[in-house]
Protein chains: 2
Amino acid sequence: MQIQTPPSIPPIEARDRLVAAALDQFTRNGYAATSVRELCEAAGVSKPVLYYYFKSKEGLYLEIMNGIGQLFDQRVAELSSINGSVRQRLLHFFTGMFDGASDNLPVVKLAYMIYFGPPQGAPFVDFNRFFDQMLKIVDSLIVEGIELGEILQCDRKALVWTLVGSFQTIQEEQICRNEARIGHDGLVAVINLILNGVDPNASHVECTRSCKI
Amino acid sequence: MQIQTPPSIPPIEARDRLVAAALDQFTRNGYAATSVRELCEAAGVSKPVLYYYFKSKEGLYLEIMNGIGQLFDQRVAELSSINGSVRQRLLHFFTGMFDGASDNLPVVKLAYMIYFGPPQGAPFVDFNRFFDQMLKIVDSLIVEGIELGEILQCDRKALVWTLVGSFQTIQEEQICRNEARIGHDGLVAVINLILNGVDPNASHVECTRSCKI
DNA sequence: AAGTATACCTACCGATAGGTAGGTTGCTGC
DNA sequence: GCAGCAACCTACCTATCGGTAGGTATACTT
């Protein structure tokens, strides 16, 4: 069988090389600005091979979208099964999502590009469900925290958006900067600062304010 | 002069119609997936007219990018000239940026698309300066707040990222959802929740915690 | 040995891309 | 009145697009 593998490409299957090339090229250039010719050159195959495995450019794109969805679902499942205080579970959830994203930066970068960017003629993929699911999980944990007296009665919606919003922007910093100015440790500091602000046992967390009673 | 203006387009100059069409089409479809033909059809002119005014597709794109930069700079200047407490100035700054963005959603949407998306063959435009400038302004205000005793000594970097991160995600919600689940009032609630958490005079803002001294 | 399936190939298709050549019309200034 | 300019036009250019037709080579099954 003729295998026209350029020496620099490891001997993986043509199909996998196409997926890898597509992830890379779609992240770098976007859907519309990435040609089938470029994808096949990067994968070291001819164009009919792409059509043989994926039926179309769009088919290859959807293959990658399905992969992203599965990655996210798997990660969320992994992070929903620890015990501890609500604060511990919130920290575990956020840092787990953050580290998972940092280990898959190209995939996450593509997901953000699609979330914020225009379709570019690509088939529609609704990434809102990722964000929505995060809001839901964090809200559940906050409800539990309030019920257990770990979190002050406060504007729950504001607290959810503060936590998820901070997380989101720190994650975005990893994607949009070559050298991120804040990372895992900064995320932990942010989550702690927020939760310290709504902690009923404030003296427990180094309250420096002089309380007026 | 032959003006082939479709009846639905108000009689504004061809150049302005091209800019408006380009903003709309680049936001909807992205740079690469928007053809010169589509732009000219939307503007009601023939292709040479675009080349007459902007020299190229790229030239039209850069015209819009310059406009975005100027809008942002003007807005920041407007919001930097009020008096009041640090909290009042922070609220004014964030709500002013938010309302300014809400009044120019297509422009902000395009800016986000470019910030998160790939170049798509478009000339590079560095939108980091917008985000960087926000970080800087908020950090200055927090430094002042700590000096004035309005804000507790705390992890300043964490506080900056919490405030700007929450703002950013709430603004992103306006862009990515047809019906945003949080808006101006939610933003105010979030900023207040964060600042309440680092307020030295906690009882002043309805502290419900029982302090242990 | 022959037929079938898989995994690839080259050559080519019609359509559209970004862009230009060469032109027309109306207005303005001299 | 005419030259020059601004603001537009049609017709056309080359290059590349997404995709297919028709094929080859190898391995496997009968």
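Treat the numbers as computed from the prediction; the structure is a model and nothing was measured. (Residues numbered from 1 in each chain as written. Chains lettered and ligands numbered in written order. Predicted model: local features only at pLDDT ≥ 70, side-chain atom pairs only at ≥ 80, totals over all residues. Heavy atoms only, no water.)

(A) Region of the structure containing the overall build of chain A. Within chain A, the secondary structure is distributed over 9 helices and 0 strands. Helices and strands in chain A line up, N terminus first, as α-α-α-α-α-α-α-α-α. Going through the 213 residues of chain A one by one, you find that 48% of them count as buried. Counting contacts in chain A only where the partners sit at least 6 residues apart, residues at least 24 apart contribute 68% of the total. (Helix = DSSP H or I, 4+ residues; strand = E, 2+ residues; numbered from the N terminus. Buried < 20%, exposed > 50% of the residue type's maximum accessible area, 1.4 Å probe, protein only. Contact = heavy atoms within 4.5 Å.)

(B) How the structure looks around the packing of aromatic side chains. Inspection of the entire model under this criterion finds 18 aromatic pairs over all chains. Measuring from centroid to centroid gives 6.3 Å for Tyr-53 of chain A and Phe-54 of chain A, while their planes differ by 50°, and the two rings are tilted. Where Tyr-31 of chain B meets Tyr-61 of chain B, the ring centres are 4.9 Å apart and the plane angle is 70°; that geometry is what we call edge-to-face. Remark: Tyr-61 of chain B occurs in helix H4 (residues 57–78) and Tyr-31 of chain B occurs in the loop between helix H1 (14–29) and helix H2 (36–43); sequence separation between them is 30 residues. Take Tyr-31 of chain B: its relative accessible area is 9%, and that puts it in the buried class. Residue Tyr-61 of chain B is classed as buried on the basis of its relative accessible area of 4%. Through pairs of rings, three or more aromatic residues link up here, namely Phe-26, Tyr-31 and Tyr-61 of chain A. Here the basic side chain of Lys-57 of chain B rests over the ring of Tyr-31 of chain B, its NZ or CZ set 4.6 Å away from the ring centre. (Phe/Tyr/Trp six-rings, centres within 6.5 Å; stacked < 30°, edge-to-face > 60°. Lys NZ or Arg CZ within 6 Å of the ring centre and 35° of its normal.)

(C) The arrangement of the side chain of Thr-162 of chain B in detail. Tracing the sequence through the fold places Thr-162 of chain B in helix H8 (residues 156–176). A relative accessible area of 0% means that Thr-162 of chain B is categorised as buried. Within the local environment of Thr-162 of chain B, its side chain forms a polar contact with the backbone oxygen of Ala-158 of chain B, the two atoms lying 2.6 Å apart. Leaving out residues up to four positions away in the same chain, Thr-162 of chain B has contacts with Thr-162, Ser-166, Val-190, Leu-193 and Ile-194 of chain A together with Ile-194 of chain B. (Polar contact = N/O pair within 3.5 Å; in protein donor to acceptor, adjacent residues only side chain to side chain.)

(D) Focus on the pattern of salt bridges. As enumerated under the stated definition, the model contains 22 salt bridges over all chains in all. Between Glu-78 of chain A and Arg-75 of chain A there is a salt bridge, with the nearest N and O atoms lying 3.6 Å from each other. Of this pair, Glu-78 of chain A and Arg-75 of chain A both sit in helix H4 (residues 57–78), 3 residues apart, which is roughly one turn of that helix. Taking the shortest distance from any N to any O, the salt bridge between Asp-199 of chain A and Arg-87 of chain A comes out at 3.5 Å. On the criterion of sequence distance, the pair formed by Asp-199 of chain A in the segment after helix H9 (184–197) and Arg-87 of chain A in helix H5 (residues 86–103) is long-range, its members being 112 residues apart. Taken as a pair, Asp-199 of chain A and Arg-87 of chain A share a single burial class, namely buried. Residues joined by salt bridges that share partners form a network here, namely Asp-132 of chain A together with Glu-173, Arg-177 and Arg-181 of chain B. (Salt bridge = Lys/Arg side-chain N within 4 Å of Asp/Glu carboxyl O.)

(E) Molecular detail of the relation of the copies chain B and chain A. Once chain B is rotated about the relating axis by 180° and shifted along it by 0.0 Å, it coincides with chain A to within an RMSD of 0.0 Å. The transformation relating the two chain copies, once decomposed into turn and shift, fits a two-fold axis. Taking the C-alpha atom as reference, chain B places Gly-197 of chain B closest to the rotation axis, 1.8 Å from it. A share of 100% of the interface residues of chain B reappears at the interface of chain A, consistent with the copies meeting face to face through the same patch. (Least-squares fit on C-alpha atoms with pLDDT ≥ 70 in both.)

(F) Main features of the interface of chain B and chain A. Taken residue by residue, the interface counts 56 residues in chain B and 56 residues in chain A. Carbon and sulfur atoms make up 63% of the surface buried where chain B meets chain A, a total of about 4,400 Å² over both sides. Residue Asp-132 of chain A is joined to Arg-177 of chain B by a salt bridge in which the shortest nitrogen-to-oxygen separation is 3.1 Å. Between chain B and chain A we count 9 residue pairs in polar contact (both at pLDDT 80 or more) in total. When contributions to the side of chain B that touches chain A are tallied by element, the ones reaching two or more residues are H1, helix H6 (105–116), helix H7 (128–147), H8 and helix H9 (184–197) of chain B. With 13 residues, H8 of chain B is the single largest residue contributor to the side of chain B that touches chain A. Residue composition of the side of chain B that touches chain A, grouped by class: 28 nonpolar, 17 polar and 11 charged. (Buried area = accessible area lost by both parts, 1.4 Å probe. Nonpolar A, V, L, I, M, F, W, Y, C, P; charged D, E, K, R; others polar.)

(G) The arrangement of the environment of Asn-196 of chain B in detail. With respect to the helices, strands and loops of the structure, Asn-196 of chain B is situated in helix H9. As for Asn-196 of chain B and Arg-87 of chain B, which are separated by 109 residues in sequence, their C-alpha atoms are 9.8 Å apart.

(H) Quick peek at H1 of chain B. Residues and elements named next belong to chain B. The first and last C-alpha atoms of H1 sit 21 Å apart over 16 residues, in line with the 22 Å expected at 1.5 Å per residue. Residues Ala-14, Arg-17, Leu-18, Ala-21, Ala-22, Gln-25, Phe-26 and Thr-27 constitute the buried set of H1. Contacts from the buried residues of H1 go to H2, helix H3 (47–54), H4 and H6. One or two steps after H1, the chain reaches Gly-30, where phi turns positive at roughly 90°. (Expected span 1.5 Å × (residues − 1).)

(I) Spotlight on the side chain of Gln-171 of chain A. All names here are of chain A. Mapped onto the fold, Gln-171 is located in helix H8 (residues 156–176). The exposure class of Gln-171 is buried, given its relative accessible area of 11%. Aside from chain neighbours lying at most four places away, what touches Gln-171 is Met-97, Phe-98, Ala-101, Val-108 and Tyr-112.

(J) Structural context of the environment of Tyr-53 of chain A. Residue and element names in this part refer to chain A. Considering the arrangement of structural elements, one finds Tyr-53 in helix H3 (residues 47–54). On a C-alpha basis, the gap between Tyr-53 and Ala-14 in space is 9.3 Å, while along the polypeptide they are 39 residues apart. Not counting residues up to four positions away in its chain, the partners in contact with Tyr-53 are Ala-14 and Arg-15.

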